[in-house]
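# Coordinate inspection notes
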Amino acid sequence: MLIAIAVLAYLLGSVPFGIVITRMFGLGDLRKIGSGNIGATNVLRTGSKPAALLTLICDVGKGAFAVLLAHTLFGAEAAETAGFAAFLGHCYPIYLGFRGGKGVATFLGTTLALVWPVGLAVCATWIVVAAIFRISSLAALVAAALSPIFAMLLGLEGFAVGLGGMALLIFLRHRPNIVRLINGTEPRIGKKP
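Since the model is a prediction, treat every value here as computed from it, not as a measurement.

### What to know about the packing of helix H1 (residues 2-13) against helix H5 (residues 76-91)
Packed helices, taken two at a time, are described by their axes: the angle between them and the distance between them. It is the contact of H1 with H5, at a shortest axis distance of 7 Å, that shows an interaxial angle of 35°. As H1 runs across H5, the sense of the crossing is right-handed. On H5, the residues touching Leu2, Ile5, Ala6, Ala9, Tyr10 and Gly13 of H1 are Glu77, Ala78, Thr81, Ala82, Ala85, Ala86, Leu88, Gly89 and His90. Grouping the amino acids of the contact of H1 with H5 by side-chain chemistry returns 10 nonpolar, four polar and one charged.

Here it is, written out as C-alpha cells:
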C-alpha cells in the first residue's frame, strides 16, 4: 500500500505547475526564461506576480494535498511517505525527464501539512531571511537547514530525520546557487539572473 501511495504522490508532485501556469498566462516556456527553473521564483522573473503567486500556491498545495489525503485515508506513516514522494516528484519529475525544481515550495507544503508548527517556523524563517537579504535561495537554504532543529526544539523529534533528508536534497538542488552566494553573484528577489 505504501508503494502505491508513494507512486501516486510522486506523480502528483511531478506536475510542473510553473510551466503550466506560465503557458496559461502566455508567458512562454519557463525553462527558457531567467534561471530556467520551474518554480515560483523564476516565474516571478517573467514579470507576472499573479503567475508567480499561483505557481507558489500550486507547488505548496501539491505537497500539502498529498500529505493530507494520505493521512485521512491511511494514517500518519502513509502521510510521511506521500509527502516525501511528492517532494521528490517536484525535484525529479517524470514528465520533464527528471529535471525539475528545487523543491522549496513543495517542501513547505509537505511540512505545513505534516507537522504544522515546524512548517510555520520554516515560513517565518524564510520571510525574515528574504526580507533582510532579498535572496530567495539563501532564505530557502536557511529555512530548510533549520527545519530538523525546529522539530527537535518543538519536541517533534520523530520528524527530524525526514525533514533533514528533504533539507539535504534542497541543498543538493541549490549547488549552483550556493556557488553564486559564495561569489556574491546570486540574483536578488524579482531581479533577472
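From this point, the discussion proceeds with the structure in view.
### Some thoughts on the nonpolar core
Counting 21 residues, the largest nonpolar core has Phe87, Phe107, Val118, Val122, Leu163 and Ile170 as its most contacted members. Counting residues per element, the ones that place at least two in this core are H5, helix H6 (104-114), helix H7 (116-133), helix H8 (136-153) and helix H9 (160-173). Looking at this core, the element that brings in the most residues is H9, giving six residues. Excluding residues that lie within four positions of it along the chain, valine 118 makes contacts with Thr111, Ser147, Phe150, Ala151, Leu154, Leu156 and Leu163.

### Here's the deal with the packing of H8 against helix H10 (residues 175-183)
Running from N to C, H8 and H10 point in directions that differ by 110°, and their axes come no closer than 10 Å. For the element pair H8 / H10, the angle class is roughly perpendicular. Seen from above, H8 lies across H10 with left-handed handedness. Facing H8, whose interface residues are Ser137, Leu138 and Leu141, H10 presents Asn177, Ile178 and Leu181. Its residues assigned to classes, the contact of H8 with H10 shows four nonpolar, two polar and no charged.

### With respect to the layout of surface pockets
The calculated volume of the largest pocket comes to roughly 900 Å³. Lining the largest pocket are 42 residues, and of these Ala40, Thr41, Leu56, Trp126 and Ser136 lie nearest its centre. Secondary structure elements with two or more residues in the lining of the largest pocket: helix H3 (40-44), helix H4 (49-74), H6, H7, H8 and H10. Top contributing element to the lining of the largest pocket by residue count: H7, with six residues. Residues of the lining of the largest pocket, tallied by class, amount to 22 nonpolar, 12 polar and eight charged. In this structure, the second largest pocket is lined by Ile5, Leu8, Ala9, Leu12, Phe65, Ala66, Leu69, Ala70, Leu73, Phe74 and Ala82. Looking at the lining of the second largest pocket, the elements that each hand over two or more residues are H1 and H4. Of the residues forming the lining of the second largest pocket, the biggest block, six residues, is contributed by H4. Considering only residue class, the lining of the second largest pocket consists of 11 nonpolar, no polar and no charged.

### Examining the pattern of salt bridges
Under the definition given, this model contains four salt bridges. The closest approach of N and O atoms between lysine 62 and aspartate 59, which form a salt bridge, is 3.5 Å. Highlighted residues: lysine 62 and aspartate 59, both in helix H4, separated by three residues, approximately one helical turn. For the pair lysine 62 and aspartate 59, one class covers both residues: buried. In this structure, arginine 180 engages glutamate 186 in a salt bridge whose closest nitrogen and oxygen atoms are separated by 2.6 Å. A relative accessible area of 28% means that arginine 180 is categorised as partly exposed. Its relative accessible area of 9% is what places glutamate 186 among the buried residues.

Conventions we followed
- Residues numbered from 1 in each chain as written.
- Predicted model: local features only at pLDDT ≥ 70, side-chain atom pairs only at ≥ 80, totals over all residues.
- Heavy atoms only, no water.
- Axes fitted to C-alpha atoms, helices over the stretch in contact; angles between N-to-C directions.
- Helix = DSSP H or I, 4+ residues; strand = E, 2+ residues; numbered from the N terminus.
- Left-handed = near helix turned anticlockwise from the far one by under 90°.
- Contact = heavy atoms within 4.5 Å.
- Nonpolar A, V, L, I, M, F, W, Y, C, P; charged D, E, K, R; others polar.
- Core = buried A, V, L, I, M, F, W, Y, C linked by side-chain atoms within 4.5 Å.
- Buried < 20%, exposed > 50% of the residue type's maximum accessible area, 1.4 Å probe, protein only.
- Parallel < 35°, antiparallel > 145°, perpendicular 65-115°, else oblique.
- 1 Å grid on protein atoms, 1.4 Å probe; cavity = no way out; pocket = protein on both sides within 12 Å on 5 of 7 lines; lining within 4 Å.
- Points joined across faces, edges and corners; volume = space filled by probe spheres on them.
- Salt bridge = Lys/Arg side-chain N within 4 Å of Asp/Glu carboxyl O.

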